[in-house]
Amino acid sequence: GGMQTTQTVLPNLDKFSYIATLSGLTRIDDSNIDTVFDGVFKDAVKFNKEIKLFHASWGTEEGVNNKQSADALIKKGINVKTYVSDGTAHEWLTWRRSFADLAKYLFR
């Protein structure tokens, strides 16, 4: 899931250059954005150079934490593509729709 992705990839940016979270982001807000994951988001320019694609998606019925986290990243200057699956929760339909959106960035 998305939480496992962020917890695996963000501490290991020397090994990954693509991030896709289907249904979930770690809680990120203005109070912790510079310190979460040892400060990977502190320098947005550096992060954006290292990461070719950061795609975050979720269903509208999953709550507001994902949107709040994505908004904080965007406000910080992190290039994150977002997709929101209307009317779905933490379920297969959300992930199928999310992957369809992600695929257009991966397979151009």
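Just above sits the structure.
Since this is a predicted model, take the numbers as computed values, not measurements.

K.L.:
Mind showing me how you'd approach the overall build of the chain here?
P.N.:
Summing up its helical and strand segments, the chain has five helices and three strands in all. The secondary structure elements of the chain, listed N-terminal to C-terminal, are α-β-α-α-β-α-β-α. Here the C-alpha atoms of the chain give a radius of gyration of 13 Å, agreeing with the 13 Å that 2.2 N^0.38 yields for 108 residues. Burial analysis of the chain (108 residues in total) assigns 40% to the buried set. Contacts in the chain between residues at least 24 apart in sequence constitute 70% of all its contacts with a sequence separation of at least 6. Summed over its atoms, the accessible surface of the chain is roughly 6,300 Å², and 52% of this surface lies on carbon and sulfur atoms. For the chain, the distance from the average site of its 14 positive side-chain charges to the average site of its 13 negative ones is 6 Å.

K.L.:
For this particular structure, what's the right way to read the pairing of strand 2 (residues 53–59)?
P.N.:
On a regular strand, each side chain points to the face opposite its neighbour's, so the side chains alternate between the two faces of the sheet. A large share of strand 2 lies buried, amounting to seven of its seven residues. Alternating residues of strand 2 divide into Leu53, His55, Ser57 and Gly59 and Phe54, Ala56 and Trp58, and every residue in both groups is buried. Here strand 1 (residues 18–22) runs beside strand 2; their pairing, made up of five bridges, is parallel. Bridge assignment links Leu22 to a residue of strand 2, and that residue is Ser57. With five bridges joining them, strand 2 and strand 3 (residues 81–85) adopt parallel strand pairing. By the bridge assignment for strand 3, Trp58 is matched with Val84.

K.L.:
Please clarify how the packing of aromatic side chains should be interpreted in this entry.
P.N.:
The geometry of an aromatic ring pair comes down to the distance between the two centres and the angle between the two planes. Scanning the model with the defined rule gives three aromatic pairs in all. Relative to Phe47, the ring of Phe41 lies with its centre 5.1 Å away and its plane at 55°, an arrangement referred to as tilted. On the accessibility criterion, Phe41 (0% relative accessible area) is buried. Taking 5.3 Å as the distance between ring centres and 80° as the angle between the ring planes, the aromatic pair formed by Trp92 and Trp95 counts as edge-to-face. With Trp92 and Trp95 both in helix 5 (residues 92–106) and three residues apart, this pair spans about one turn of that helix. Its relative accessible area of 65% is what places Trp92 among the exposed residues.

Here is what the cut-offs are and how they apply
Residues numbered from 1 in each chain as written. Predicted model: local features only at pLDDT ≥ 70, side-chain atom pairs only at ≥ 80, totals over all residues. Heavy atoms only, no water. Helix = DSSP H or I, 4+ residues; strand = E, 2+ residues; numbered from the N terminus. Rg over C-alpha atoms; globule rule 2.2 N^0.38 Å. Buried < 20%, exposed > 50% of the residue type's maximum accessible area, 1.4 Å probe, protein only. Contact = heavy atoms within 4.5 Å. Areas by Shrake-Rupley, 256 points an atom, 1.4 Å probe, with all protein chains shown as cover. Lys, Arg positive; Asp, Glu negative; His and termini not counted. Charge placed at Lys NZ, Arg CZ, Asp CG, Glu CD. Pairing = 2+ DSSP bridges. Phe/Tyr/Trp six-rings, centres within 6.5 Å; stacked < 30°, edge-to-face > 60°.

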